[in-house]
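# Analysis of the macromolecular model
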Amino acid sequence: MKNFFQKIKEPLVSSTNITKNFHPEILDYLNSVIILDINGNFVSYNDTFAKQYGYNKQDFKKTFLDVFFKSETFKEKRAFEKAILGKKQTFDTIGLCKDGKTVNINVVMIPIKNKIYVIIKYITEYIEQDRELHLSPKRQADFNMMKNICDFSYDAINDQFYFSNQMPTILGIGIKERKTSPPTLNKLLWYVHPDDRNLVKDTIQNALSNNTGYTMEFRILRKDQSIRYIYQKSEIAISEKGHSDGLIGIIQDITDSKILEDALEKEDQLTQLYDNPDVGIWTIDVQTGRCLSRSRGIESISGYTTEDFNNGIQWSSIVHSEDLSQYLDNQYKLASGNILRHQYRIIHKNGDIRWVQDYTIPKLDHNGSLSKLIGLTSDITDQMVLNEKIKYLSDYDDLTKLPKRKKFIESLEQLTAQYANGNNQFAVMKLDVDRFKYVNDTLGQQVGDELLIQISDRLSKHLTPQDLLARRSGDQFLILIRKLNSIESLKIIVNNMHECINEPFYIKEYHLYITMSIGISTYPENGVTSLELLRNASLALYQSQKKGKNNYHILSHSSSIQSFKSYSIGRDLKKAVENNEMILYYQSRVDTYSNQIIAAEALIRWNHPEWGLISPHEFLSIAEENGLITDIDDWVLKEACNQIKKWKEEQLHTVPISINISAVHFMKRDWSRTVAKVIQDAGIQPYDLEFEITESTVLNTESMVRDTINSLRDLGISIALDDFGVGYSSISYLNQFPFDVIKIDKSFIRNMLLSDKNLHIAKSIIYMAKGLQIRVVAEGVETIQQLKVLQKEQCQEIQGYLFSHPVPVDEFETLLQKRILPPLDPELKAKQNKRKHYRLNFPYPLEADMTLVSISGRNMALGKSNVLIHDMSIGGLRYVSTLKLPVRGDVLFQFETEILGKIIKMDGSIVWKEEINDDLTEYGIQFRFGKDEQAALSRLLNTFEYLLKNSNKLPSYRVVKEDPYQYFRRDNNN
């Protein structure tokens, strides 16, 4: 090697400047990085190299390959030569740390601008793990040869035990008596000694209830009335959904050990055990240190003969070096007369490592001094191997060899505890393979299994050794990114994962193209506990899947409450339809000039058990995705028809009821017949109904939609085109389709006084509709000023909060009896004082972060959503939000904001709410805190009010001066 490299000709570069000297490609690596010149001489290094391997630049007086590689071979030379010629090289070898320790490493050599960049990755742990995995089949085979010990699993859901082949022998059951059907818990208890049955039953049931493993000893009573002593160790079996569904463990007949323990209490009985090769029995005179007796079992266990020990071999000298300190510490416990039972490893004479268990009884003389030790040493290697197998099966997936969900959560909880008092961040990812079930069902489980293995291999290549990849269940994976530098760096990782998964998988003769959906939560923004982070990762995955396949979603504070609500809606919608949780509200349509009610729109609401009334725009799109929209539309039609029938039977004044119909119905050729039958069954007239459709419905299949519309109009049902002016608006539709009504989208009405463009669009729609002899309805009318403009432009009908909110049926019946509805302008309407305390009205809204803390005592801590507070007192506050939340005393919220430079947090519940319009809702909060917190808030608000009255500028607070609509639109887009 000395002849190969020439003397260095360039000066060394300082290690502190290595980063700016690196090519951008190198910055992607997070391992040790060294720069060499073309002669192999050391130029520079990063801090990671110095930390991992202990070198500094003064240590490289020789060439780098001479110093760092344990034994220089042709492989390293050849790789460096090829790198000099411009070819990137990768190989595994053995590196030498400064302290002389050798490590397995992966080396990458990259030639860039007359320099060789060397990236070194530590792979010793991977090699050791691979070796351990290859040992598993041998350990399984060894276990199957064991006597008087078996493994078992208990299916708690179906109450069935499954045992390995040794169990009948342990129970003393003959071949003819053995049954093929698995026994239940009560059946198994028949074999347990009557005095121990309650112990066994309670231990198993407590373990299942508390999700904890256990160890216990009990007796069984064989058919021949002989008693056997049993040792049982169990762990909880975790289902794919993360729930405990049973137990796995071992059962061992320890009767021989029990007999030995009893015999040790009577020294005169030891002689009968001396011939047993599986157990070593010994007696030591403490005063002289001389071994008084030693059975031949000691030789069987350790490999050393009595002669070896007589010639100076000490038992402590064969104790494993890693266990020696603990072994010696335990010996001191004997001096106080305490019985010692401990486990440790020894080195057998043939070099094997054996696990042994010592049971030592100290004997004290009449002065209370330790005089003699009587001990029992047994080989428990088989039991420890079995325990290791159980732990592995409990912690690792047998297919992919990845950690299971339980192991992942343990690592996650350790990391949250480690980062609790720092400023570090990490990320939790939940990944779902799109359409994996289709692959599994069509190509078979073997192909599906191989696909999961290859997916796990690809994902792992984009993670650092510090990160953790686990298999959650089925086609879902979990990833823990232990160090998060920024959201942008996280996006790079995710994009790289998507790219590698999108490459084709070659399995057997198939070329499979797979996509993956990913949901991501971050610490501490989206939670500080494992439960919060996993739950929010699930919410993010749900949002990702809503976007379509091959997407990812990083959960944001501003959407976390709404995300959880959307998740709840998707989860509960089918059950809601089955349980008839839907109700109808009605919003009046009035004549523009007379204010008389001339029609009404039936608007479905979902009375959710947690979220209260949920508006249709929150769940109908999900219903379309889930295939439930047909059932919901059918229910609305029948419910509206039956309600009209009820009003007529009660001789109430009625008006046509408008119903929103989804596109799927208009693509059914015979749907008009179904509608006719519903109308006939209800005993009402077709002119009692009006159907609203959107422009997207028309786009689906124009000819079929046109035929359906014509059939419905032939029945006598009016057809309205809803949300006109947005989306795919086409004037040609008005000529092609026989619409009776056009409903101008509320966005134009809301903004027509703020924007000339919106005003001209609204005017044009009204003018055009009049020319086509189509009635026009203005939706979303909220103010007197908007009404005056629409009256001036001769818009025929008005619908909006200015005249009536959507109301339940009993309130709508009252409105029907009035017939005339006067406008109620929110700007002129006096606000009802809903508070008993004096309140501070902010000049501009106060921005605050709202967190949903708990529902019915169940901790949620979902994250933060921005709200605008209008006024506040020591008793509560009034705020505006786009979120639709329930009025429930058992739902607790926390509000965090800043006033006069001081961060304040206030807990409370919603006691009233009022819809401002379809988008914004106003809420009243009643605080929940003690007198001290109330007094502190009072002082802060009084100071703020004083400054407000006596200063020319606004006091300091999180002020928001922009329009609420624009604010929330911007916030939701972030």
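Residues numbered from 1 in each chain as written. Predicted model: local features only at pLDDT ≥ 70, side-chain atom pairs only at ≥ 80, totals over all residues. Heavy atoms only, no water.

### Some words on the overall build of the protein
The helix and strand tally for the protein stands at 32 helices and 39 strands. The contacts in the protein between residues at least 6 apart in sequence include a share of 61% that link residues at least 24 apart. Accessible surface, the protein as shown: approximately 49100 Å² in total, 48% of it carbon and sulfur. (Helix = DSSP H or I, 4+ residues; strand = E, 2+ residues; numbered from the N terminus. Contact = heavy atoms within 4.5 Å. Areas by Shrake-Rupley, 256 points an atom, 1.4 Å probe, with all protein chains shown as cover.)

### What about the packing of aromatic side chains?
Within a pair of aromatic rings, the relevant descriptors are the distance that separates the centres and the angle that separates the planes. Taken as a whole and assessed by the stated rule, the structure comprises 39 aromatic pairs. Note on Phe-49 and Tyr-55: the rings are 6.0 Å apart at their centroids and 10° apart in plane angle, and the pair reads as stacked. Overall, Phe-49 belongs to the buried group, its relative accessible area being 0%. Summarising the aromatic geometry, the rings of Trp-647 and Phe-812 are spaced 5.6 Å apart at their centres and angled 50° between planes, so their arrangement reads as tilted. Here the residue Trp-647 occupies a position in helix H21 (residues 629–649), and Phe-812 occupies one in helix H30 (residues 809–818), the gap between them amounting to 165 residues. When its relative accessible area of 1% is taken as the criterion, Trp-647 is described as buried. Judged by relative accessible area, which is 0%, Phe-812 ranks as buried. In this structure an aromatic cluster arises from ring pairing among Phe-42, Tyr-45, Phe-49, Tyr-53, Tyr-55, Phe-60, Phe-64, Phe-68, Phe-69 and Phe-91. In this structure, Arg-458 packs its charged tip against the face of Phe-505, placed 3.6 Å from the ring centre. Residue placement shows Arg-706 over the ring face of Phe-737; its charged tip is 5.0 Å from the ring centre. (Phe/Tyr/Trp six-rings, centres within 6.5 Å; stacked < 30°, edge-to-face > 60°. Buried < 20%, exposed > 50% of the residue type's maximum accessible area, 1.4 Å probe, protein only. Lys NZ or Arg CZ within 6 Å of the ring centre and 35° of its normal.)

### Some points on the pairing of strand S11 (residues 279–285)
For S11, the buried fraction is high: 5 of the 7 residues fall into the buried class. Sheet topology note: the S11/strand S15 (residues 370–379) ladder contains 7 bridges and is antiparallel. Looking at S15, one finds that Val-279 is bridged to Ser-378. Where S11 lies against strand S12 (residues 291–294), 3 bridges are found, and the strand directions are antiparallel. Within the sheet, the bridge partner assigned to Trp-282 lies in S12 and is Arg-294. (Pairing = 2+ DSSP bridges.)

### Notes on H30
Those residues of H30 that fall on the buried side of the exposure criterion are Phe-812, Glu-813, Leu-815 and Leu-816. Down the axis of H30, the smallest arc covering the buried residues is 160°, so these residues share one side. Of the exposed residues in H30, those oriented more than 90 degrees away from the buried face are Gln-817 and Lys-818. Considering only its buried residues, H30 is in contact with strand S23 (582–591), strand S24 (597–608), H21, strand S26 (657–660) and strand S32 (807–808). Positive backbone phi, at 70°, marks Arg-819, one or two positions downstream of H30. (Arc of directions from axis to C-beta.)

### Focus: the side chain of Gln-786
When you line up the elements, Gln-786 lands in helix H29 (residues 784–792). Among the polar contacts listed, one links the side chain of Gln-786 to the backbone oxygen of Ile-749, at a separation of 3.5 Å. Here Glu-782 takes part through its backbone nitrogen, which lies 2.7 Å from a polar atom of the side chain of Gln-786. If sequence neighbours within four positions are ignored, Gln-786 has contacts with Ile-749, Arg-750, Met-752, Leu-753, Gly-780 and Val-781. (Polar contact = N/O pair within 3.5 Å; in protein donor to acceptor, adjacent residues only side chain to side chain.)

### A closer look at the packing of H21 against helix H23 (residues 671–682)
One can describe the packing of H21 onto H23 by two numbers: an axis separation of 9 Å at closest approach and a directional angle of 30°. What the angle tells us is that H21 and H23 run roughly parallel. The handedness of the crossing between H21 and H23 is right-handed. From H21, Asp-634, Leu-637, Lys-638, Cys-641, Asn-642 and Lys-645 reach across to H23, where they touch Trp-671, Val-675, Val-678, Ile-679, Asp-681 and Ala-682. For the contact of H21 with H23, the class distribution of residues is 7 nonpolar, 1 polar and 4 charged. (Axes fitted to C-alpha atoms, helices over the stretch in contact; angles between N-to-C directions. Parallel < 35°, antiparallel > 145°, perpendicular 65-115°, else oblique. Left-handed = near helix turned anticlockwise from the far one by under 90°. Nonpolar A, V, L, I, M, F, W, Y, C, P; charged D, E, K, R; others polar.)

### Remarks on the sheet that holds strand S2 (residues 42–45)
An order of S2-S1-S5-S4-S3 is seen for the 5 strands of this open sheet, with the pairing classed as antiparallel. Only two strands of the sheet have a single partner each, and these edge strands are S2 and strand S3 (89–96). With strand direction ignored, the average angle separating the axes of adjacent strands in the sheet is 30°. Alignment of strand S1 (residues 32–37) against strand S5 (residues 115–122), held across 6 bridges, turns out to be antiparallel.

### Points about the packing of H21 against H30
Where H21 contacts H30, the axes come no closer than 13 Å and their chain directions differ by 45°. When the interaxial angle is binned, H21 and H30 end up oblique. The two elements H21 and H30 meet at a crossing, and its hand is right-handed. The residues of H30 that touch H21, namely those facing Gln-643, Lys-646 and Trp-647, are Val-809, Phe-812, Glu-813 and Leu-816. Split into classes, the residues belonging to the contact of H21 with H30 amount to 4 nonpolar, 1 polar and 2 charged.

### Comments concerning the environment of Tyr-593
Mapping Tyr-593 onto the fold places it in the loop between S23 and S24. A C-alpha to C-alpha distance of 7.0 Å links Tyr-593 and Gln-791, two positions 198 residues apart in sequence. Those residues within four positions of Tyr-593 in sequence are excluded, and the remaining contacts are Gln-791, Gln-794 and Cys-795.

### Things to note about the nonpolar core
Core analysis: the largest hydrophobic core is formed by 112 residues, its most contacted members being Phe-691, Met-872, Tyr-879, Leu-885 and Ile-899. The biggest single contributor to this core is H21, with 8 residues. Contact partners of Phe-691, with chain neighbours within four places excluded, come to Leu-637, Ile-659, Ile-661, Trp-671, Val-675, Leu-712, Ile-717, Ser-718, Ile-719 and Ala-720. Core analysis: the next-biggest nonpolar cluster, separate from the first, contains 31 residues, Leu-452, Leu-469, Phe-477 and Ile-507 among them. (Core = buried A, V, L, I, M, F, W, Y, C linked by side-chain atoms within 4.5 Å.)

### Notes on the sheet that holds strand S18 (residues 476–481)
Read from one edge to the other, the open sheet built from 5 strands follows the order S17-S18-S16-S21-S22, with strand pairing classed as mixed. Each end of this open sheet is capped by a strand with a single partner; those strands are strand S17 (468–473) and strand S22 (552–554). If you compare each strand with its neighbour and ignore which way they point, the axes differ by 20° on average. Docked against the sheet, helix H14 (residues 405–418) engages strand S16 (426–433), S17, S18 and strand S21 (516–523), running at close to 20° with respect to S18.

### Side note on the confidence of the model for the protein
Per-residue confidence for the protein gives a mean pLDDT of 83, with 87% of residues at or over 70. In this model, residues 1–29 is a region of pLDDT below 50 whose contacts with residues beyond four sequence positions or in other chains number 52 contacts. (pLDDT = per-residue confidence, 0-100.)

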